[in-house]
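Chain by chain, the residues run as shown.
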Amino acid sequence: MVTTTQDQPIVKSFKNNFWNADIGNFQGFEVIVKRLKDGRSVCKEYVEFLRQRSLIEEQYGKALIKLAKTASSRDEISSVRPAWDSVKNHTEAVGLNHVQASNQLAAEVAKISDFIDSSRDKRKWSEDNVRTLQTQIKTAYKRMVDCKKGYELRCREEIQANHLFHQEVARTGRETSGAERAHGKHSKARTGMEQAEEAYRSASVSLEETRALWQKETESCVDTFQELESSRLTVLRDSAWKVTNIGSACCVADDEVYEDTRKCLESCDLDEGLQHFIAQHETGMKAPSVTCESLPNSLHLEWDTWHDNAN
């Protein structure tokens, strides 16, 4: 879109801005066709991107689900046990969210793929019709050029024959055999010129009819091309928007699950968990002690004997 000096927008279109002045020059049409083919390549690249993204989401989600199912918290008996169970559960829930996101992305892949196929069929049908007329207009133009060259040649021959006729008349008179032969050649040349002129005019009319039909079909075709290109841009934008919403919804769903776990963690009483374990598994309050006892020996016997004698 451009603006004039009065800042009035001028909307350009495929139909009005891709013509070439020379008959048989279809460069503008080729530019449009290339644009549609490039757009198709972009769509195919986008589809492959979504396909890989869907596969990654599926693998990630299934891996989380598998992890959640293999984890065990049976040895935890404190108030942390519900939080640990919640972590496992939210891991599985997050996995399911990503599997769901994968399915939604796969649906987008199918949708864009269908659009690519339908657009290709519409483009090919319209393009083939124009290609046929392009060949016809080239053939008609070549015929017209050939007829024009033939007409120009016959015109020169007629002029030369007329000149020779008048020369012969001036030299020998009008009633002489030489003048009659010159007149016959001139008449023949004029007849040939008139026939060439008729062929040239017929070829020109045929070319114009073919050109008008080609222009009409080309205008219809490029209108279709512009609709396809506009639809492609709209589809890609809407799809990218939807993919963004899929990712956003997945994050919101994940956070809701995480919030449940956070609430569970907030209610954890760590001291209560310790006290519960002690109450359930305590073995006693008295710790073992070490005592030292003297045992009988010879020193004790001698002391006892001396003590008795002293008394």
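About the thresholds
Residues numbered from 1 in each chain as written. Predicted model: local features only at pLDDT ≥ 70, side-chain atom pairs only at ≥ 80, totals over all residues. Heavy atoms only, no water. Helix = DSSP H or I, 4+ residues; strand = E, 2+ residues; numbered from the N terminus. Contact = heavy atoms within 4.5 Å. Areas by Shrake-Rupley, 256 points an atom, 1.4 Å probe, with all protein chains shown as cover. Core = buried A, V, L, I, M, F, W, Y, C linked by side-chain atoms within 4.5 Å. Buried < 20%, exposed > 50% of the residue type's maximum accessible area, 1.4 Å probe, protein only. 1 Å grid on protein atoms, 1.4 Å probe; cavity = no way out; pocket = protein on both sides within 12 Å on 5 of 7 lines; lining within 4 Å. Points joined across faces, edges and corners; volume = space filled by probe spheres on them. Nonpolar A, V, L, I, M, F, W, Y, C, P; charged D, E, K, R; others polar. Polar contact = N/O pair within 3.5 Å; in protein donor to acceptor, adjacent residues only side chain to side chain. Salt bridge = Lys/Arg side-chain N within 4 Å of Asp/Glu carboxyl O.

*Asks:* Honestly, the overall build of the chain in this entry has me stumped. Any pointers?
*Replies:* The secondary structure content of the chain amounts to 6 helices and 2 strands. Sequence-ordered secondary structure for the chain, helices as α and strands as β, is β-β-α-α-α-α-α-α. Counting only contacts in the chain whose residues sit at least 6 apart along the sequence, the fraction spanning at least 24 positions is 82%. In the structure as shown, the chain presents an accessible area of about 21700 Å², 54% of it carried by carbon and sulfur atoms.

*Asks:* Got a minute to help me understand the nonpolar core in this structure?
*Replies:* When a protein is soluble and globular, its nonpolar side chains tend to lie buried together. Residues Phe-14, Phe-29, Ile-32, Leu-36, Trp-214 and Phe-225 are the most contacted members of the largest nonpolar core, which totals 19 residues. Contributing elements (two or more residues each) for this core: α2 (27–70), α3 (80–172) and α4 (177–266). Among the elements that make up this core, the one with the highest residue count is α4 (7 residues). Among residues more than four places away in sequence, those in contact with Leu-36 are Phe-14, Arg-123, Phe-225, Leu-228 and Glu-229.

*Asks:* Sorry, what's going on with the side chain of Ser-126 here?
*Replies:* Within the element layout of this structure, Ser-126 appears in helix α3. When near neighbours in sequence (up to four residues on either side) are disregarded, Ser-126 contacts Cys-221, Thr-224 and Phe-225.

*Asks:* Looking at this structure, how should I read the layout of surface pockets?
*Replies:* Rolled over the atoms, a probe sized like a water molecule indicates the empty space that remains. One number sums up the size of the largest pocket: a volume of about 180 Å³. If you go around the largest pocket, the residues you meet are Ala-161, Leu-164, Phe-165, Gln-167, Glu-168, Gly-178, Arg-181, Ala-182 and Lys-185. Among the secondary structure elements, those contributing two or more residues to the lining of the largest pocket are α3 and α4. Partitioning the lining of the largest pocket into residue classes produces 4 nonpolar, 2 polar and 3 charged.

*Asks:* How should I be thinking about the side chain of Glu-127 in this particular structure?
*Replies:* By the secondary structure assignment, Glu-127 is in helix α3. Note on Glu-127: relative accessible area 8%, which makes it buried. At 2.5 Å, the side chain of Glu-127 forms a polar contact with the side chain of Arg-123. Ignoring anything within four residues of it in the chain, the contact list for Glu-127 reads Phe-29, Val-33, Cys-221 and Phe-225.

*Asks:* What exactly am I supposed to notice about the pattern of salt bridges here?
*Replies:* Where charged atoms from two side chains of opposite charge come close, those side chains can pair. Counted according to the given criterion, the structure contains 23 salt bridges. Put simply, Arg-35 and Glu-229 hold a salt bridge, and the shortest N to O gap is 3.1 Å. With a gap of 194 residues between them, Arg-35 in helix α2 and Glu-229 in helix α4 connect regions that are remote in the sequence. In this structure Arg-35 comes out as partly exposed when scored by relative accessible area, which is 39%. A salt bridge links Glu-208 to Arg-211, with the shortest nitrogen-to-oxygen separation between them at 2.8 Å. With Glu-208 and Arg-211 both in helix α4 and 3 residues apart, the pair spans about one turn of that helix. Judged by its relative accessible area of 39%, Glu-208 falls in the partly exposed class. The class for Arg-211 is partly exposed, based on a relative accessible area of 23%.

*Asks:* Which parts of the structure should I look at to understand empty space enclosed by the protein?
*Replies:* Inspection of the entire model under this criterion finds 2 cavities of 30 Å³ or more. Taken as a whole, the largest cavity holds about 150 Å³ of empty space. If you go around the largest cavity, the residues you meet are Leu-36, Gly-39, Arg-40, Cys-43, Phe-115, Ile-116, Ser-119, Arg-120, Arg-123, Leu-228, Glu-229 and Arg-232. At the level of secondary structure, the elements contributing two or more residues to the lining of the largest cavity comprise α2, α3 and α4. The leading source of residues in the lining of the largest cavity is α3, at 5 residues. In this model, the second largest cavity occupies a volume close to 90 Å³. Contributing to the lining of the second largest cavity are 14 residues, with Phe-18, Trp-19, Gly-28, Phe-29 and Thr-218 lying nearest its centre. Of all elements in the fold, only α1 (14–17), α2 and α4 reach the threshold of two or more residues within the lining of the second largest cavity. Residue contributions to the lining of the second largest cavity peak at 4 residues, all from α2. Residue composition of the lining of the second largest cavity, by class: 8 nonpolar, 5 polar and 1 charged.

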